[in-house]
Amino acid sequence: MILERRRAPVISRLKEILANPDPALGFLNGELRFWLGWAQEVAGDHAAAQESWRQAGSELESFLKAQPENSQLIGHLALINMGLGDKAAAFVLVEKGMSAVPIEKDVVGGSRAIEILARVAAQAGEPDQAIAALEKLLSMPVSGALAENVPLTPALLRLDPMFDPLRNDPRFQKLCEDKPK
């Protein structure tokens with residue numbers, strides 16, 4: 001629904017789930033809180049998004065202490081830090097994620113770290129970095145970092161609000177074109 005830019009149903013459902021978080025879900029509660037913050041940000045409620053991201057960051061940091069090489073946690077924390085406006089911390093986490101799972105050793109896990117780089121760079125106002133990462137991702141079969149490992153495609157790039165800062169860049173527009181098979 002976020003891709004369709006219908007935030008209200010996502011926000012209300014996530015708030016409902018997070019009103020009584022299931023401890024058995026572990027760090028997934030923090031990830032759900034990240035998504036709540038993202039939906040709130042896309043909806044224009046910056047203050048609520050900041051609060052959701054602060055809470056998500058606190059929850060996920062505790063899990064990262066126990067699982068310091070968990071690239072999924074590292075990626076979400078990078079996006080959270082970017083959402084909170086801490087560009088330096090976000091890029092430190094991006095580098096940590098890329099070091100934890102280098103693409104040369106693990107194409108699937110490594111591609112997820114590169115996607116996080118693309119997302120953080122897009123939000124950070126670093127279009128050259130974002131586009132270089134997206135070009136790399138679109139040139140190989142990969143697994144996505146978010147949304148149940150759905151890989152980025154030109155169609156998803158056209159819809160994903162995380163890439164809105166790149167919309168007017170001709171290089172990004174070219175990446176969004178469907179290539180003939």
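Please refer to the structure placed before this passage.
Quick caveat: nothing in here was measured; it's all calculated off a predicted structure.

Novice: Residues and numbers for the packing of helix α2 (residues 28-42) against helix α4 (residues 71-83), please.
Specialist: For the pair α2 and α4, interaxial distance at closest approach is 11 Å and the crossing angle is 30 degrees. Relative to α4, the element α2 lies roughly parallel. Crossing handedness for the pair α2 and α4: left-handed. Contact residues: α2 offers Glu31, Phe34 and Trp35, while α4 offers Gln72, His76, Leu79 and Ile80. When the residues that make up the contact of α2 with α4 are grouped by side-chain class, the tally is 4 nonpolar, 2 polar and 1 charged.

Novice: How would you summarise the side chain of Gln40 if you had to cite specific residues and measurements?
Specialist: Mapped onto the secondary structure, Gln40 falls in helix α2. Apart from residues no more than four positions distant in its own chain, Gln40 is found in contact with Ile11, Lys15, Asp45, Ala48, Ala49 and Ser52.

Novice: Please set out the packing of helix α3 (residues 46-66) against α4 residue by residue, giving values where relevant.
Specialist: Close contact between α3 and α4 brings their axes to 9 Å; oriented N to C, the two are set at 150 degrees. It follows that α3 is roughly antiparallel to α4 by the angle criterion. In terms of crossing hand, the pair formed by α3 and α4 is left-handed. Contacts between α3 and α4 involve Gln50, Trp53, Ala56, Gly57, Leu60, Glu61, Phe63 and Leu64 from the first element and Leu73, Ile74, His76, Leu77, Ile80 and Gly83 from the second. Residues that form the contact of α3 with α4 fall into these classes: 9 nonpolar, 4 polar and 1 charged.

Criteria and thresholds
Residues numbered from 1 in each chain as written. Predicted model: local features only at pLDDT ≥ 70, side-chain atom pairs only at ≥ 80, totals over all residues. Heavy atoms only, no water. Axes fitted to C-alpha atoms, helices over the stretch in contact; angles between N-to-C directions. Helix = DSSP H or I, 4+ residues; strand = E, 2+ residues; numbered from the N terminus. Parallel < 35°, antiparallel > 145°, perpendicular 65-115°, else oblique. Left-handed = near helix turned anticlockwise from the far one by under 90°. Contact = heavy atoms within 4.5 Å. Nonpolar A, V, L, I, M, F, W, Y, C, P; charged D, E, K, R; others polar.

So, to be careful, I would describe these as geometric facts and stop short of saying anything about function.
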